[in-house]
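Close look at the chain arrangement
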Amino acid sequence: MDVKIEKSWKEELKHEFTKPYFLQIAAHLKTEKATGAVVYPPGPLIFNAFDQTPFDKVRVVILGQDPYHGPGQAHGLSFSVPDGINPPPSLGNIYKELHKDIGMPIPKTGNLINWAQQGVLLLNAVLTVRANEPASHSKIGWMDFTDAVIRKLSEEKKGIVFLLWGRFAQEKQVLIDETRQYVLKAAHPSPFSADKGFFGCKHFSKTNELLAKQGLPPIDWNPVS
């Protein structure tokens, strides 16, 4: 099937697009549309993380769970919201840690596209969700797809910094070859768990230290720069 996704990713993942699980995803989304269900993000933004961060540009991966399920929030980048939408609580806590870690002023925008364009793959493990129903698409096949993405990055690239926040993301650690990649783990930035190890994790300065060790430029973590 012809999947509209950035060309380097299309080449890397071409074998996934013909597998039964992926055809099942496509069929499920068509059924949702036919029955009038509202699904986020909009169709053209489902693969936005890949479109903004081509395969050869990936230096960091931040793994989220599934898209925001409120109107106007999801735009295909984990933890990010479009301009004009207030930063949700988890993103607010990410900003608090950035302020504490590197002194970054708290931004008003929740749009993290600037990170994505520097090589930070903002990947949700599930790429779609039904409106107001969190995790509603968690069993339609997306997990198989994003597991394949993580495996492909781990096998074919070297020195990526994977930020795994919370138990759900940390379950993906088994897919990562830690002799070739870096893994930083902390609690999830959600208000329910941020004070259990996310605050004070210093993952943003640590990520830039690991990139510098490889002779790579740091990430500018200010989304409005």
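Parameters at a glance
Residues numbered from 1 in each chain as written. Predicted model: local features only at pLDDT ≥ 70, side-chain atom pairs only at ≥ 80, totals over all residues. Heavy atoms only, no water. Salt bridge = Lys/Arg side-chain N within 4 Å of Asp/Glu carboxyl O. Buried < 20%, exposed > 50% of the residue type's maximum accessible area, 1.4 Å probe, protein only. 1 Å grid on protein atoms, 1.4 Å probe; cavity = no way out; pocket = protein on both sides within 12 Å on 5 of 7 lines; lining within 4 Å. Points joined across faces, edges and corners; volume = space filled by probe spheres on them. Nonpolar A, V, L, I, M, F, W, Y, C, P; charged D, E, K, R; others polar. Helix = DSSP H or I, 4+ residues; strand = E, 2+ residues; numbered from the N terminus. Pairing = 2+ DSSP bridges.

**Notes on the pattern of salt bridges**
What the rule picks out here adds up to 9 salt bridges. Across the pair Lys 10 and Asp 2 runs a salt bridge, and its minimum N-O distance is 2.5 Å. A relative accessible area of 58% means that Asp 2 is categorised as exposed. Put simply, Glu 12, Lys 152 and Glu 156 are held in one network by salt bridges that share partners.

**What to know about empty space enclosed by the protein**
Tallied over the full model, the rule gives 1 cavity of 30 Å³ or more. The space that makes up the largest cavity amounts to roughly 40 Å³. Together, Ile 46, Pro 67, Gly 76, Leu 77, Ser 78, Leu 122, Leu 123, Asn 124, Val 126 and Leu 127 line the largest cavity. Its residues assigned to classes, the lining of the largest cavity comprises 7 nonpolar, 3 polar and no charged.

**Quick notes on unusual backbone geometry**
Following Tyr 40, the chain continues into Pro 41 via a peptide bond in cis, with omega recorded as -10°. A positive phi angle is found at Ala 135, which is not glycine, with a value near 65°. Within the secondary structure, Ala 135 sits in the loop between β4 (129-130) and α6 (142-156). Judged by its relative accessible area of 39%, Ala 135 is partly exposed. Residue Lys 202 is not a glycine yet carries a positive backbone phi of 55°. With a relative accessible area of 41%, Lys 202 lands in the partly exposed category.

**Overview of the pairing of strand β5 (residues 161-165)**
Burial runs high along β5: 5 of the 5 residues are buried. Side-chain alternation along β5 places Val 161, Leu 163 and Trp 165 on one buried face and Phe 162 and Leu 164 on a second face that is also buried. Examined bridge by bridge, strand β2 (residues 60-64) and β5 share 3 bridges and lie parallel to one another. Bridged to Val 61 within β5 is Phe 162.

Read these as spatial facts, not as claims about activity.
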